[in-house]
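Descriptive analysis of the structure
Residue strings, one per chain:
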Amino acid sequence: MGDAHVAPVSDADTLAAYDWGAITVPASSCDPDATGDITLVDGKGELVGDEFHTYSVVAQLPPDIGELAEGTAAVLRLTCYLEGANAVPPLPFAIFAVGDDGPELIGLLHNTDLGVSASGSALVVDALEVVDGQIVVTGTYLTDQDAHCCPSGVGWTWIAVVHGRVVTQGHISDGAPPAELPDRGARTEGDLIIYDPPVEVKEQSDLVLLEGAPEDFKDFIWTQKQQNDGPGCDSVITVSRLHLGGFASGGVGCDPPMGGAALLWIERDGVWSVLLTHQDTPPCDVLTAARFPAGVLGDAPECADAQWQPVPYAP
C-alpha cells in the first residue's frame with residue numbers, strides 16, 4: 001500500500017492550536033513606559049510598573065483568526081486592570097502571525113492608536129473581527145451630549161497589514177461597517193495609483209510602502225521629509241494619490257501632531273516640486289494652468305473659483 005495522504009496543516013489551524021492562555025505579550029500592552037514581556041498563565045498575568053502601578057492583564061480567549069491580505073493572523077484582545085481601580089485605557093490588542101517557534105507578534109495597538117470620532121473621542125472597543133482581509137473594530141464613543149459614563153455613539157474602523165506593516169484608517173467612522181469592504185493598500189486606475197490608507201513617510205524605510213512609485217518620486221518625498229524636519233517637529237509626509245504622468249497629492253504634518261497642510265506636487269522636465277501648499281480648497285486657476293488631473297485630488301474633486309467658492313473641478 002502507498003503512503004496515506006496527509007493534508008497540509010493550514011496557518012489558521014496552526015494558530016488555533018496554540019495555547020493562547022500561555023501567550024507572551026509586551027509589557028507595554030498596559031504601561032507604555034514598561035519594557036520586557038509578560039507571559040500569561042491561564043490567560044492572566046501581572047505587570048508591576050512601579051510602586052504605584054500594578055496591572056493585572058487578562059486575555060479574552062480565544063483570539064479571532066482569519067485571513068488578512070498578507071496572510072493568516074490572530075487578533076488577541078487584552079484588558080488591563082490597575083490595582084485598586086477599574087479597567088484603564090488604553091485598551092490593547094495584539095496581532096500575531098505564524099512564527100517558527102510559536103505565535104509571532106506583528107503588531108500591538110491600543111484603542112487610542114485608532115484615531116478619534118468626529119466628537120474627538122476614542123473608540124471603546126466592543127468587538128474585533130477579521131473580515132475581507134482586514135481587522136474590523138467596532139464599538140462606542142462619547143458624543144458631545146453624553147455623560148462621561150455612557151457613550152451613545154456607535155462607530156467602527158479598520159486595521160490592515162500592508163507590506164508587513166500594521167496600518168489603520170486613522171479615524172472612527174460613524175455607524176456600522178459596510179457589508180463589503182474594499183481592499184487596502186495601493187490600487188491602480190489607469191495611470192493613477194491610490195494609496196488606501198495614505199502612506200505616511202516617517203522613516204526612509206517607509207518609502208517601500210509607495211508601491212508602484214518611480215524612484216525619483218520616492219527620493220523627492222524623502223527630501224521633503226528632511227526639509228520639513230525642525231525643532232519640535234519630526235515631520236511626516238503623507239502621500240494619498242500619484243499619477244504616473246507627474247502629479248501627486250498628500251500633506252505634511254508633525255509627530256506628535258502639530259499643525260500641517262495639504263500638498264500638491266508636480267514633475268516637470270524630470271524634476272519634482274511643490275505646486276501648491278494649502279489649507280482649504282485649492283484655487284481653480286492654479287490647477288487648470290498645471291493641467292492637474294482631477295483624480296489626483298480625490299473622487300469628487302473641487303476647486304475654489306475667483307470668488308473663493310468651491311466648485312466641481314474638471315481640467
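Please read these numbers as outputs of a predicted model, since none were measured by experiment. (Residues numbered from 1 in each chain as written. Predicted model: local features only at pLDDT ≥ 70, side-chain atom pairs only at ≥ 80, totals over all residues. Heavy atoms only, no water.)

**Describing the nonpolar core**
Note on soluble globular proteins: their nonpolar side chains tend to be buried together. Counting 21 residues, the largest nonpolar core has Tyr195, Leu210, Phe217, Ile221, Leu242 and Trp265 as its most contacted members. Broken down by secondary-structure element, the contributors of at least two residues to this core are strand S14 (192-201), helix H2 (215-228), strand S15 (234-243), strand S16 (247-255) and strand S17 (261-268). Ranked by size, the runner-up nonpolar core spans 20 residues in total, among them Leu15, Val25, Ile38 and Val57. (Core = buried A, V, L, I, M, F, W, Y, C linked by side-chain atoms within 4.5 Å. Buried < 20%, exposed > 50% of the residue type's maximum accessible area, 1.4 Å probe, protein only. Helix = DSSP H or I, 4+ residues; strand = E, 2+ residues; numbered from the N terminus.)

**Quick notes on the side chain of Ser121**
Tracing the backbone through its elements, the reader meets Ser121 in the loop between strand S7 (102-110) and strand S8 (124-131). Here the side chain of Ser121 touches Leu142 through a polar contact of 2.9 Å, landing on its backbone oxygen. (Polar contact = N/O pair within 3.5 Å; in protein donor to acceptor, adjacent residues only side chain to side chain.)

**As for the packing of aromatic side chains**
For the structure on display, the rule yields seven aromatic pairs. Relative to Trp20, the ring of Tyr18 has its centre 6.0 Å away and its plane inclined at 80 degrees; by these criteria the two rings are edge-to-face. Judged by relative accessible area, Trp20 falls into the buried class, the value being 6%. Members of the aromatic cluster, each reached through a chain of ring pairs, are Phe217, Phe220, Trp265 and Trp272. (Phe/Tyr/Trp six-rings, centres within 6.5 Å; stacked < 30°, edge-to-face > 60°.)

**Focus on the pattern of salt bridges**
For side chains bearing opposite charge, pairing can occur when the charged atoms are close. Applying the stated criterion across every chain yields a total of six salt bridges. The partner of Glu200 in a salt bridge is Lys202, with the nearest N and O atoms 3.9 Å apart. Relative accessible area serves as the criterion here: at 31%, Lys202 is assigned to the partly exposed category. As a salt-bridge pair, Lys218 and Glu215 come within 3.4 Å of each other at their nearest N and O atoms. Placement of the pair is Lys218 and Glu215 together in helix H2, with a separation of three residues, close to one helical turn. Overall, the relative accessible area of 15% leaves Lys218 in the buried class. We classify Glu215 as exposed; its relative accessible area is 52%. Residues joined by salt bridges that share partners form a network here, namely Glu200, Lys202 and Asp255. (Salt bridge = Lys/Arg side-chain N within 4 Å of Asp/Glu carboxyl O.)

**Focus: the state of the cysteines**
The tally for this structure, following the rule as stated, stands at three disulfides. The residue that forms a disulfide with Cys233 is Cys254, at a sulfur-sulfur distance of 1.9 Å. Taking the sign of the S-S torsion, about -95 degrees here, the bridge from Cys233 to Cys254 comes out left-handed. Of this pair, Cys233 sits in the loop between H2 and S15 while Cys254 sits in strand S16, and the two are 21 residues apart along the sequence. Here Cys284 pairs with Cys303 through a disulfide, and the sulfurs are 1.9 Å apart. When the S-S torsion is 90 degrees, as for the bridge of Cys284 with Cys303, the disulfide is right-handed. Of this pair, Cys284 sits in helix H3 (residues 284-289) while Cys303 is found in strand S19 (residues 302-304), placing the two residues 19 residues apart along the sequence. A single burial state applies to Cys284 and to Cys303, both of which are buried. (Disulfide = S-S within 2.5 Å.)

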